[in-house]
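Below, each chain spelled out in residue letters.
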Amino acid sequence: MSNSKSLLLDIGNTRTKWALVELSPGLQEIDFTRQPSGATVNQYDLIIQECSQLLKALANANNTINQILICSVNQTQWIQVWTDYFQELFPTIHMIQLHGDTYIPNLHNAYDEPASLGADRWAAIIAASQLAPLQNCLIINSGTATTIDFLEHGNVFVGGSILPGVSLSLEALQSQTARLESNITSKNFNFFEPSSTLQFSKNTKSAIFNGVMQGQIGAIKQALELAPQTSTMIFSGGNGPLILKHLYLQIPPTIQIIEDPYLVLRGLFLWQQYVQDR
């Protein structure tokens, strides 16, 4: 017997993550399944390839999908490729997309133009409202870009910042400068100790690391100064663990730290519960 489930899709700039969840409002545990693309989802053939891989995984799981919830930072034309693919195969399936101005009960978006807020940021904020209820919370999501958002009292999104992520900062520095080392990747950063960013570098490789990481850490510390009432910090995204590793000793001990690699998917799941209950 097959199980009726919702398919959650988090379509990012450099990977796609997905999850299957039971259509049950009482579900407490979420079994998140990742399906990284390994390439930027910005071309038709790449999207079709991902759709095919996902369809194969769903067939193996023997699940009946009643609805698909999508969160995407891609351009509209590429999101349409995803929706067209599944609607052609499953004409009766219900597909809905989260937007920055999607209404969520008991959660206020104070952005000047809520519709311009990235859907991934809004999904992360929805998740944070559940992970840190009634808390003043900084949400740091570090992927292609690093976003730093402030949720006040667990129900008011005040605003935030966007800066190039670790890998993007590194790529920009290497591609636009002639003599800097070009064989450094963000994976090399794992070999540096947290104390590295607290001193001047004595070689180029270390100087590049310090410059990139101090930019990330400095932006987060500035956000803490703007929101000194912060009681919880949530880290997510591919470089979330790296940033937290080098920032940890500089975070006041009174602040609760939460790591959640599936923050956007968790937000989609919570939205799915609201959609189901309507």
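Residues numbered from 1 in each chain as written. Predicted model: local features only at pLDDT ≥ 70, side-chain atom pairs only at ≥ 80, totals over all residues. Heavy atoms only, no water.

Peer 1: I'm lost on the overall build of the protein in this one. Help?
Peer 2: Helix and strand counts for the protein stand at seven helices and 11 strands. Across the 278 residues that make up the protein, the buried fraction comes to 47%. Long-range contacts, defined as pairs at least 24 residues apart, comprise 61% of the intrachain contacts of the protein with a sequence gap of at least 6. Entry remark: accessible area of the protein is about 14000 Å², with carbon and sulfur atoms responsible for 51%. (Helix = DSSP H or I, 4+ residues; strand = E, 2+ residues; numbered from the N terminus. Buried < 20%, exposed > 50% of the residue type's maximum accessible area, 1.4 Å probe, protein only. Contact = heavy atoms within 4.5 Å. Areas by Shrake-Rupley, 256 points an atom, 1.4 Å probe, with all protein chains shown as cover.)

Peer 1: How should I be thinking about the nonpolar core in this particular structure?
Peer 2: Within soluble globular proteins, side chains that are nonpolar tend to cluster in buried spots. Ranked by size, the top nonpolar core spans 34 residues in total, and within it Leu 8, Trp 122, Ile 139, Leu 268 and Trp 271 carry the most contacts. For this core, the secondary-structure elements that each account for two or more residues are strand 2 (16–22), strand 4 (63–72), helix 3 (119–131), strand 7 (137–142) and helix 7 (263–277). For Leu 8, the contacting residues outside a window of four places in its chain are Lys 17, Trp 18, Ala 19, Val 21, Leu 69, Leu 265, Leu 268, Phe 269 and Gln 272. Grouped together as the second largest cluster of nonpolar side chains are 27 residues, Leu 163, Val 166, Leu 170 and Ala 227 included. (Core = buried A, V, L, I, M, F, W, Y, C linked by side-chain atoms within 4.5 Å.)

Peer 1: Honestly, the packing of aromatic side chains in this entry has me stumped. Any pointers?
Peer 2: In this description, an aromatic ring pair is defined by two values, namely the gap between the centres and the angle between the planes. Scanning all chains against the criterion turns up four aromatic pairs. The rings of Trp 82, Tyr 85 and Phe 86 are connected pair by pair, giving a single aromatic cluster. (Phe/Tyr/Trp six-rings, centres within 6.5 Å; stacked < 30°, edge-to-face > 60°.)

Peer 1: Help me understand the pattern of salt bridges, please; the structure alone is not making it clear to me.
Peer 2: If charged atoms from side chains of opposite charge come close, those side chains can pair. Per the counting criterion, the structure on display carries three salt bridges. The partner of Asp 149 in a salt bridge is Arg 121, and the shortest N-O contact between them spans 2.5 Å. Here Arg 121 lies in helix 3 and Asp 149 lies in strand 8 (residues 145–152), a separation of 28 residues in the sequence. Grouping residues by exposure puts Asp 149 and Arg 121 together as buried. Close ionic contact of Arg 266 with Asp 260 constitutes a salt bridge, the shortest N to O distance being 2.6 Å. Asp 260 carries the same exposure label as Arg 266, and that label is buried. (Salt bridge = Lys/Arg side-chain N within 4 Å of Asp/Glu carboxyl O.)

Peer 1: Is there a simple way to think about the confidence of the model for the protein in this case?
Peer 2: Interpretation of this model should avoid reading the predicted coordinates in detail wherever pLDDT is low. Across the protein, pLDDT averages 83, with 86% of residues at or above 70. In this model residues 25–42 is a low-confidence stretch, pLDDT under 50, and it forms 46 contacts with partners more than four residues away in sequence or in other chains. (pLDDT = per-residue confidence, 0-100.)

Peer 1: I tried to follow the packing of helix 4 (residues 166–175) against helix 5 (residues 204–226) on my own but got confused; where do I start?
Peer 2: Working note: a packed helix pair is described by the angle between its axes plus the distance between those axes. At a minimum axis separation of 10 Å, helix 4 and helix 5 run at an interaxial angle of 135 degrees. Taken together, the axes of helix 4 and helix 5 are oblique relative to one another. The interaxial crossing formed by helix 4 with helix 5 has right-handed handedness. Each of Val 166, Ser 169, Leu 170 and Leu 173 in helix 4 lies in contact with helix 5, whose residues at this interface are Ile 208, Val 212, Met 213 and Gln 216. (Axes fitted to C-alpha atoms, helices over the stretch in contact; angles between N-to-C directions. Parallel < 35°, antiparallel > 145°, perpendicular 65-115°, else oblique. Left-handed = near helix turned anticlockwise from the far one by under 90°.)

Peer 1: Just to check I follow, could you spell out the packing of helix 5 against helix 6 (residues 240–247) for this structure?
Peer 2: Packing of helix 5 against helix 6 leaves a shortest axis separation of 10 Å and a crossing angle of 80 degrees. If you check the angle between helix 5 and helix 6, you find them roughly perpendicular. Contacts from Phe 209, Met 213, Gln 216, Ile 217, Ile 220 and Lys 221 of helix 5 reach helix 6 at Leu 242, Ile 243, His 246 and Leu 247. When its residues are assigned to classes, the contact of helix 5 with helix 6 shows seven nonpolar, two polar and one charged. (Nonpolar A, V, L, I, M, F, W, Y, C, P; charged D, E, K, R; others polar.)

Peer 1: In this structure, what is going on with the sheet that holds strand 7? I would like to understand it.
Peer 2: Where strands meet in a sheet, backbone hydrogen bonds hold them as pairs that are either parallel or antiparallel. Read across the sheet, six strands follow the order 6-9-8-7-10-11 without closing on themselves; strand pairing throughout is mixed. Every interior strand has two partners, whereas the edge strands, strand 6 (108–109) and strand 11 (256–259), have only one. Inspection of the sheet shows strand 8 paired to strand 9 (residues 156–164) by eight bridges, in the antiparallel sense. Bridging from a neighbouring strand, Asp 149 pairs with Gly 160 of strand 9. (Pairing = 2+ DSSP bridges.)

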